[in-house]
Amino acid sequence: MKKIICIFSLILCTVLFAQDYSFNRLVQYEENNENTIQLYFNTENPDYYLHLIDNKKGEYAEIFDKKAMQIHHFQVTPLQKENGLIYEYKYLKTKKLPSYNSAKNQIQYEFTTQRDDKYYRFSELNFYHHENSTSFLKADLTMRYTEENLFNAFNLCCLLGFDQWNSVQTDAKFVVVRARVVDEKSNEFNYKLIDDQHVQFKLRVNQK
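Residues numbered from 1 in each chain as written. Predicted model: local features only at pLDDT ≥ 70, side-chain atom pairs only at ≥ 80, totals over all residues. Heavy atoms only, no water.

Caption draft 1: A look at the packing of aromatic side chains. Enumeration over the complete set of coordinates arrives at 15 aromatic pairs. Measuring from centroid to centroid gives 6.4 Å for Y120 and F122, while their planes differ by 35 degrees, and the two rings are tilted. Ring centres 6.2 Å apart and planes at 40 degrees place the aromatic pair F127 and F136 in the tilted group. In this structure F136 comes out as buried when scored by relative accessible area, which is 13%. Connected via pairs of aromatic rings, a cluster forms that spans Y21, F23, Y40, Y48, F74, Y89, Y91 and F201. Above the face of the F122 ring, R115 is positioned so that its terminal group lies 4.0 Å from the ring centre. (Phe/Tyr/Trp six-rings, centres within 6.5 Å; stacked < 30°, edge-to-face > 60°. Buried < 20%, exposed > 50% of the residue type's maximum accessible area, 1.4 Å probe, protein only. Lys NZ or Arg CZ within 6 Å of the ring centre and 35° of its normal.)

Structure representation (structure tokens):
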């Protein structure tokens, strides 16, 4: 009887601490012709996304889970296969997302359309800490019309990140294809869309 109880307890713990994440869309950006940033997300569940960065320091990935208020960290190893490059994920740890006061940290933004044509919209986006303040982040955007609104994917991986989830609302369905971003210290970042595709990708987190 004791053996059965122990086995059942082990299975129960595995179920309780295992979380499956499914992704059906990928966008990938190149930053300053140097680093690449991939964002995997689920168009049917906006509560989480996977952020994968490849730079001079190596590859690493994080799943941001807004509902569970957790960040899952992974070590990533690129593997060259016959059908192309794939990534092997090794779970490292899970941390709590920092507490976030949406009312206190709510930002203001201004979307200005400069030019519109059949396929693209050219806009300027400015962010402000509060009304009548100076812009702390400015983005010149080239956006392509799509069947789904993928603007928030760019916001999450290249602009404001998880703490401003869905903070910017657009009146049409876009994917950002090029962007020039300047912060309040005059640092400039240039982004170019290099991949945008439907995927079928699952990742299991077995928390220790």
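Caption draft 2: Representation of helix 2 (residues 151–159) in the model. The element helix 2 is largely enclosed, with a buried count of nine among its nine residues. Listing the buried residues of helix 2 in full gives F151, N152, A153, F154, N155, L156, C157, C158 and L159. Where helix 2 terminates, the next one or two residues include G161, which has phi positive at roughly 85 degrees. (Helix = DSSP H or I, 4+ residues; strand = E, 2+ residues; numbered from the N terminus.)

Caption draft 3: A look at the state of the cysteines. Across all of its chains, the model carries zero disulfides by this definition. No disulfide involves C157; its sulfur sits 3.3 Å from that of C158, the nearest cysteine. (Disulfide = S-S within 2.5 Å.)

Caption draft 4: Molecular detail of the pairing of strand 7 (residues 108–116). Looking at chain direction, strand 7 and strand 8 (residues 120–128) are connected through eight bridges and run antiparallel. Bridge pairing links E110 to N126 in strand 8. (Pairing = 2+ DSSP bridges.)

Caption draft 5: Structural context of the pattern of salt bridges. Under the counting rule described, the total for this entry stands at nine salt bridges. With its nearest N and O atoms 2.1 Å apart, the salt bridge here joins R25 to E148. Here E148 lies in the loop between strand 9 (137–145) and helix 2 and R25 lies in strand 1 (residues 18–31), a separation of 123 residues in the sequence. For R25, a relative accessible area of 6% corresponds to the buried category. Close ionic contact of E188 with R180 constitutes a salt bridge, the shortest N to O distance being 3.3 Å. R180 gets classed as partly exposed once you look at its relative accessible area, which sits at 34%. Here the residues in one salt-bridge network are R25, R144, E148 and D196, joined through shared partners. (Salt bridge = Lys/Arg side-chain N within 4 Å of Asp/Glu carboxyl O.)

Caption draft 6: Seen up close, the nonpolar core. If you look at the biggest cluster of nonpolar residues, it comprises 37 residues, and the most contacted ones within it are Y29, F127, L141, F154 and L159. Looking at this core, the elements that each hand over two or more residues are strand 1, strand 2 (35–42), strand 3 (45–55), strand 8, strand 9, helix 2, strand 10 (174–183) and strand 11 (188–206). Here this core takes seven residues from helix 2, the largest share from any one element. Not counting chain neighbours up to four residues away, the residues in contact with Y29 comprise N35, T36, I37, F154, C157, C158, V175, V176, Y191, K192, L193 and I194. Core analysis: the second largest hydrophobic core is formed by 18 residues, I63, V76, Y89 and L203 among them. (Core = buried A, V, L, I, M, F, W, Y, C linked by side-chain atoms within 4.5 Å. Contact = heavy atoms within 4.5 Å.)

Caption draft 7: Representation of the environment of F136 within the structure. Tracing the sequence through the fold places F136 in the loop between strand 8 and strand 9. It is 9.5 Å that separates the C-alpha atoms of F136 and S186, two residues lying 50 residues apart in sequence. Beyond its immediate chain neighbours, meaning those up to four positions away, F136 contacts I107, F127, Y128, H129, L160, V182, D183 and E184.

Caption draft 8: Structural view of the side chain of Q28. Within the fold, Q28 resides in strand 1. Among the residues examined, Q28 registers a relative accessible area of 13% and is labelled buried. Those residues in contact with Q28, other than ones at most four positions away along the chain, are T36, I37, Q38, K192, L193, I194 and D195.

Caption draft 9: Spotlight on unusual backbone geometry. The phi dihedral of M69 falls on the positive side, at around 55 degrees, and the residue is not glycine. M69 gets classed as partly exposed once you look at its relative accessible area, which sits at 35%.

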